[in-house]
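In case you want the letters, here they are:
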Amino acid sequence: MMPSVLSGIRWAMNHYPASFAIAAALALAGCGTAAALALSIAGCGTSGAGSESSTRATKHFTQPSTPSPSDAAPSRRHLAAHTASHRSRSSTRQLAYSSASNSVVQPQPAAGSCHAIGSGLYSRPDPSCTPGALNRAVTQATIDRTICVSGWTESVRPPESVTEQEKAASMAAYGDTGSMAAYEYDHFVPLELGGATNDPRNLWPEPGASPNPKDAVEDSLREAVCNRQISLARAQREIVRNWTVDASPRPTRRSHGPAVIPKCTVTASYSDRYHDYDVYVHSNQPDRTVTVSDADGHSDTWHTDDAGFADVYFRAGGFAPGRRVTARVGTATCSTTL
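A few points on the structure. Predicted, not measured: the structure shown is a model, and the values here were computed from it. (Residues numbered from 1 in each chain as written. Predicted model: local features only at pLDDT ≥ 70, side-chain atom pairs only at ≥ 80, totals over all residues. Heavy atoms only, no water.)

Some remarks on the nonpolar core
Ranked by size, the top nonpolar core spans 21 residues in total, and within it Tyr277, Val279, Val281, Val290, Val292, Phe314 and Leu338 carry the most contacts. With four residues, strand 5 (residues 264-271) is the single largest residue contributor to this core. Excluding residues that lie within four positions of it along the chain, Val279 makes contacts with Val266, Thr267, Ala268, Val292, Ala310, Asp311, Val312 and Phe314. The next biggest cluster of nonpolar side chains, apart from the first, holds 20 residues, and it includes Ile143, Val156, Leu191 and Ala235. (Core = buried A, V, L, I, M, F, W, Y, C linked by side-chain atoms within 4.5 Å. Buried < 20%, exposed > 50% of the residue type's maximum accessible area, 1.4 Å probe, protein only. Helix = DSSP H or I, 4+ residues; strand = E, 2+ residues; numbered from the N terminus. Contact = heavy atoms within 4.5 Å.)

Regarding the pattern of salt bridges
Close approach of charged atoms allows side chains of opposite charge to pair. Scanning all chains against the criterion turns up eight salt bridges. Among the ionic pairs, Asp186 bridges to Lys214, the shortest N-O distance being 3.0 Å. Highlighted residues: Asp186 in strand 3 (residues 183-187) and Lys214 in helix 8 (residues 213-226), separated in sequence by 28 residues. Residue class for Lys214 comes out buried when judged on its relative accessible area of 1%. Residues participating in the shared-partner salt-bridge network are Asp186, Lys214 and Glu218. (Salt bridge = Lys/Arg side-chain N within 4 Å of Asp/Glu carboxyl O.)

Notes on the layout of surface pockets
For the largest pocket, the calculated volume is near 570 Å³. Contributing to the lining of the largest pocket are 22 residues, with Arg157, Glu184, Tyr185, His187 and Leu191 lying nearest its centre. For the lining of the largest pocket, the secondary structure elements donating two or more residues are helix 6 (152-156), helix 7 (160-173), strand 3 and helix 8. The greatest single-element share of the lining of the largest pocket, amounting to five residues, is contributed by strand 3. Among the residues making up the lining of the largest pocket, the classes are represented as six nonpolar, four polar and 12 charged. (1 Å grid on protein atoms, 1.4 Å probe; cavity = no way out; pocket = protein on both sides within 12 Å on 5 of 7 lines; lining within 4 Å. Points joined across faces, edges and corners; volume = space filled by probe spheres on them. Nonpolar A, V, L, I, M, F, W, Y, C, P; charged D, E, K, R; others polar.)

A short note on the pairing of strand 10 (residues 324-329)
Across five bridges, the pairing between strand 7 (residues 289-294) and strand 10 is antiparallel. Across the sheet, Ser293 pairs through a bridge with Thr326, a residue of strand 10. As defined by bridge partners, strand 10 adjoins strand 11 (residues 332-337) across six bridges and the pair is classed as antiparallel. Residue pairing for strand 11: Arg324 is matched across the bridge by Thr337. (Pairing = 2+ DSSP bridges.)

Observations concerning helix 9 (residues 232-242)
The periodicity of an α-helix, 3.6 residues per turn, causes residues three or four positions apart to be oriented the same way. Most of helix 9 is tucked away, with 10 of its 11 residues classed as buried. All buried positions along helix 9 are accounted for by Leu232, Arg234, Ala235, Gln236, Arg237, Glu238, Ile239, Val240, Arg241 and Asn242.

Remarks on the pairing of strand 4 (residues 203-207)
Across a regular strand the side chains alternate sides, sitting on one face of the sheet and then on the other. Most of strand 4 is tucked away, with five of its five residues classed as buried. Strand direction decides the pairing type here: strand 3 and strand 4, joined by five bridges, are antiparallel. In the sheet register, Tyr183 faces strand 4, and the bridge partner there is Pro207.

Following this line, the structure appears as structure tokens:
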């Protein structure tokens with residue numbers, strides 16, 4: 001045995017006696033690999049070419065293949081970091097397709113477990129209880145046979161004998177104690193935009209009778225989808241993220257104190273899965289249109305929510321590291337490098 005190796009063993013015995021004892025026992029039992037692992041855990045890794053190869057492999061494994069957002073930027077799966085409103089903006093790309101039957105009364109969340117965002121006609125459901133769910137029969141390829149056919153929604157609507165029982169339980173889940181007539185059992189992603197027909201993830205007791213402001217938004221989005229002005233997925237996102245932004249008239253806010261100087265910040269992260277960029281914008285201007293563009297003519301828009309956040313899906317024509325993009329929110333402008 002080489003002197004350098006003996007020195008290493010003596011050092012390990014002095015500094016990590018417990019780990020060394022375990023390694024020795026494993027070695028005597030014929031478990032050489034396990035013994036080496038025990039010594040490695042103790043910090044006594046081998047040196048030389050083997051160590052260099054291991055280090056290179058580790059670096060290769062941990063090195064990201066694409067840029068990651070800054071620590072301040074929310075990810076597609078972690079939009080809950082900001083506000084309850086922002087939580088509801090989680091992408092509809094992750095909404096589940098439903099298999100719930102129209103003829104079966106579906107179980108609802110536990111009484112008092114759900115909390116609506118806002119109040120009155122412009123309230124929205126609790127995203128943890130009612131995130132939305134989709135109808136498998138409705139896709140971009142089938143809209144001409146489904147949602148764009150007059151009367152189609154009535155053919156898939158569940159019967160009141162089922163929904164009235166569900167509505168009562170849903171009201172209890174949201175803590176609504178008023179008359180059932182004061183609420184509409186609303187499809188969060190509407191049937192006319194491919195929402196699930198009888199899934200508790202897509203139904204909730206919306207305050208007020210129909211028609212209401214959300215109905216007008218749904219009708220407008222359906223028309224835009226059927227006229228090929230926007231995609232079905234985009235219309236679904238409009239609803240789930242914050243349909244009140246598209247409502248007219250929108251809920252008003254009272255202004256207090258001096259005028260606010262418009263400002264914004266922006267970061268970006270490439271999505272290998274969707275082959276576009278999440279451009280995260282934060283502004284002190286809620287409910288405003290956000291436009292993200294680059295010098296190559298690419299441009300996409302979205303809007304800030306009621307907390308001033310927006311996640312714009314920016315299609316830059318592929319992975320474009322180093323390209324400069326500019327976000328405009330009202331009169332505020334901010335830039336970042338992809």
